[in-house]
Protein chains: 2
Amino acid sequence: MLEGKQPDEKQDFASSDDGALAVRRLKLWIRMLGVTRLVENQLREFLRVGHDTTLPRFDVMATLHRRRDGLSMTELSRTLLISNGNATAVVDRLVRDGLVRRIHSDTDRRRVTVILTPEGVTQFEALAVRHRATIDRLFAQLDDEDLDMMRDVLRRLRGDLTGESGG
Amino acid sequence: MLEGKQPDEKQDFASSDDGALAVRRLKLWIRMLGVTRLVENQLREFLRVGHDTTLPRFDVMATLHRRRDGLSMTELSRTLLISNGNATAVVDRLVRDGLVRRIHSDTDRRRVTVILTPEGVTQFEALAVRHRATIDRLFAQLDDEDLDMMRDVLRRLRGDLTGESGG
DNA sequence: CTAAAAAATTTTAAGCTTGAAATAATTATG
DNA sequence: CATAATTATTTCAAGCTTAAAATTTTTTAG
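Here the structure is a predicted model, which means the values were calculated and not measured.

## Remarks on the pairing of strand β3 (residues 112–116) of chain A
Within a regular strand, the side chains alternate between the two sheet faces.
Residue and element names in this part refer to chain A.
Move 1: β3 sits mainly inside the fold: 4 of its 5 residues count as buried.
Move 2: Relative to β3, strand β2 (residues 100–104) is paired through 5 bridges, and the arrangement is antiparallel. Within β3, the residue paired with Arg102 across the bridge is Val114.

Listed below in structure tokens is the structure:
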């Protein structure tokens, strides 16, 4: 019963105009996921062999470096789009290794502020330069026009995915 | 020595033309990673509440559904860009749940072919329809022009990342 | 034929990740 | 003030993931 579609089949889906578009969107997602994984695998390799660290650790340290006065655990996990328990685990190991420090708030004793140690800052900054160079190499094909276009499309997508208003 | 760039500084980097481009590429990567995670989180939620399964399981089953005569463990892990040990773990659980079967080759006793069971086929096909609809909704903003453009850029990126020749 | 090399898979240890439950502290409500 | 609801974080069990080592089998070279 797949063939013989009647023309009077009303296409009243809110989002999908016809099946062909839906298929193209699915294929795009698969392609996008594949490229993301390839890049992640390259970055993982770079971090492992060159700097004896991992992607999740790098992500946490990058976030803490951008927000030098620290973040709460909740802010950290929301920024990185990971679960709260996951944040705890990664931060635990970074604390163990002396790269990150937990500061317990005096005014609200539930709250913890996570912050890079001086050693963490030093290590991250050394890393960040080479990380950026690695990304630059992997994305070397993309010129300003490509970047404009991708940025616009990804912005629109993120708008939808975060409920349109903020993010 | 960063300022006062002489015009005769030959830009003979293969990939990077100037710092501004490098920064834009880095920002694009961060944006792309964010959108990918948002989509993955939505899909994870959809699979969990609606179908009591997970993203890695879905990925394996989708691959096996596309290649109905089965794949070896090596082919499977390479297709999904995951490690061989990871593939073993996910397949183990799918076998335990009766959705996937391992067939040991007679001619090469190292080789294992992994294939969906009839129950696996049934379950996946029910899932796939709703999965596609979910993607279609999440990517509803993208029209044919967007899809063309994204496909081209992602193709170029993948070319670089897989060594240009094949993939 | 035999030993070495290569190939396919599994096992292992460590770390990553999630969602849910538990803990602890603060704020809101009567 | 008491207690209910909320907020912040950690703990927990299960599953995911990797890289490296181990196992088993096949292929290659002598």
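## Some remarks on the pattern of salt bridges
Residues and elements named next belong to chain B.
Move 1: Scanning all chains against the criterion turns up 28 salt bridges over all chains.
Move 2: In this structure, the salt-bridge partner of Arg68 is Glu125, at a minimum N-O distance of 3.9 Å. A residue pair is termed long-range when its members are at least 10 positions apart, and Arg68 in the loop between α2 (55–66) and β1 (71–72) and Glu125 in helix α5 (residues 118–138) qualify at 57 residues.
Move 3: Here Glu125 falls in the partly exposed class, since its relative accessible area comes to 38%.

## Points about the relation of the copies chain B and chain A
Move 1: Of the transformation superimposing chain B on chain A, the axial component is 0.0 Å and the angular component is 180°, with the fit at an RMSD of 0.0 Å. In short, the pair behaves as if placed about a two-fold rotation axis. Across chain B, the smallest distance between a C-alpha and the rotation axis is recorded for Met150(B), namely 3.5 Å.
Move 2: Of the interface residues in chain B, 100% have counterparts in chain A that sit at the interface too, so the contact is made through matching surfaces.

## A word on the protein's contact with DNA strand C
Move 1: In the region of DNA strand C, 27 residues are neighbours, and Ser83(A), Asn86(A), Arg93(A), Thr74(B) and Val112(B) sit closest.
Move 2: Separating a sugar or linking oxygen of DNA strand C from a side-chain N or O atom of Asn86(A) is a distance of 3.1 Å.
Move 3: Secondary-structure elements contributing two or more residues to the surface near DNA strand C are α2 (55–66) and α4 (84–96) of chain A together with α1 (19–51), α3 (73–80) and α4 (84–96) of chain B.
Move 4: Classifying every residue of the surface near DNA strand C gives 6 nonpolar, 10 polar and 11 charged.

## Side note on the sheet that holds strand β2 (residues 100–104) of chain B
Move 1: Spatially, the 3 strands line up as an open sheet ordered β1-β3-β2 (chain B), and their pairing is antiparallel. Across the chains shown, the open sheet's two edge strands, defined by having one partner strand only, are β1 and β2 of chain B.

## Describing the interface of chain B and chain A
Move 1: Contacts between the two partners involve 54 residues from chain B, matched on the other side by 54 residues from chain A.
Move 2: Three residues stand out in chain B for area buried against chain A, namely Trp29(B), Arg31(B) and Leu161(B), and they jointly supply 12% of the buried area on that side.
Move 3: Our count for the chain B to chain A interface comes out at 10 salt bridges.
Move 4: Across the salt bridge formed by Asp144(B) and Arg24(A), the nearest N and O atoms sit 2.7 Å from each other.
Move 5: Run the count over chain B and chain A and you get 23 residue pairs in polar contact (both at pLDDT 80 or more).
Move 6: Among the secondary structure elements, those contributing two or more residues to the side of chain B that touches chain A are α1, α5 and α6 (144–161) of chain B.
Move 7: It is α1(B) that provides the largest number of residues to the side of chain B that touches chain A, a total of 21 residues.

## Section: the protein's contact with DNA strand D
Move 1: Lining the immediate surroundings of DNA strand D are 27 residues, of which Thr74(A), Arg110(A), Val112(A), Ser83(B) and Arg93(B) lie closest.
Move 2: Restricting attention to atoms of DNA strand D within 4 Å of the protein, one finds that 80% of them are sugar or phosphate atoms.
Move 3: In the environment of DNA strand D, a base oxygen lies 2.6 Å from a nitrogen or oxygen atom belonging to the side chain of Arg110(A).
Move 4: Elements with a minimum of two residues in the surface near DNA strand D: α1 (19–51), α3 (73–80) and α4 of chain A together with α2 and α4 of chain B.
Move 5: Among the elements that make up the surface near DNA strand D, the one with the highest residue count is α4(B) (5 residues).

## Observations concerning the nonpolar core
Move 1: Counting residues in each nonpolar core, the largest one holds 90 residues, and the members touching the most others are Phe139(A) and Phe139(B).
Move 2: Excluding residues that lie within four positions of it along the chain, Phe139(B) makes contacts with Arg25(A), Leu28(A), Trp29(A), Met32(A), Leu157(A) and Val39(B).

## So, unusual backbone geometry
Move 1: With a phi close to 50°, Asp52(A) is a non-glycine residue in the positive phi region.
Move 2: In this structure, Asp52(A) sits in the loop between α1 and α2.
Move 3: Positive phi, normally seen in glycine, also occurs at Leu81(B), with a value near 60°.
Move 4: One can find Leu81(B) in the loop between α3 and α4.
Move 5: By relative accessible area, Leu81(B) is classed as partly exposed at 30%.

## Comments concerning the sheet that holds strand β1 (residues 71–72) of chain A
All names here are of chain A.
Move 1: Here 3 strands make up an open sheet; going across it, the order is β1-β3-β2 and the pairing antiparallel. Because the sheet does not close on itself, it has two edges, and the strands there are β1 and β2.
Move 2: Its contacts with the sheet place α2 against β1, β2 and β3, and it is angled at close to 95° to β3.

## With respect to the packing of aromatic side chains
Move 1: Evaluated as defined, the whole model comprises 4 aromatic pairs over all chains.
Move 2: With a centroid separation of 6.0 Å and an interplanar angle of 50°, the aromatic rings of Trp29(A) and Phe139(B) are classed as tilted. Placement of the pair is Trp29(A) in helix α1 and Phe139(B) in the loop between α5 and α6, with the two residues belonging to separate chains. This pair shows no difference in class: Trp29(A) is buried, exactly as Phe139(B) is.

Basis of the calculations
- Residues numbered from 1 in each chain as written.
- Chains lettered and ligands numbered in written order.
- Predicted model: local features only at pLDDT ≥ 70, side-chain atom pairs only at ≥ 80, totals over all residues.
- Heavy atoms only, no water.
- Buried < 20%, exposed > 50% of the residue type's maximum accessible area, 1.4 Å probe, protein only.
- Helix = DSSP H or I, 4+ residues; strand = E, 2+ residues; numbered from the N terminus.
- Pairing = 2+ DSSP bridges.
- Salt bridge = Lys/Arg side-chain N within 4 Å of Asp/Glu carboxyl O.
- Least-squares fit on C-alpha atoms with pLDDT ≥ 70 in both.
- Contact = heavy atoms within 4.5 Å.
- Near = heavy atom within 4 Å.
- Polar contact = N/O pair within 3.5 Å; in protein donor to acceptor, adjacent residues only side chain to side chain.
- Nonpolar A, V, L, I, M, F, W, Y, C, P; charged D, E, K, R; others polar.
- Buried area = accessible area lost by both parts, 1.4 Å probe.
- Core = buried A, V, L, I, M, F, W, Y, C linked by side-chain atoms within 4.5 Å.
- Axes fitted to C-alpha atoms, helices over the stretch in contact; angles between N-to-C directions.
- Phe/Tyr/Trp six-rings, centres within 6.5 Å; stacked < 30°, edge-to-face > 60°.

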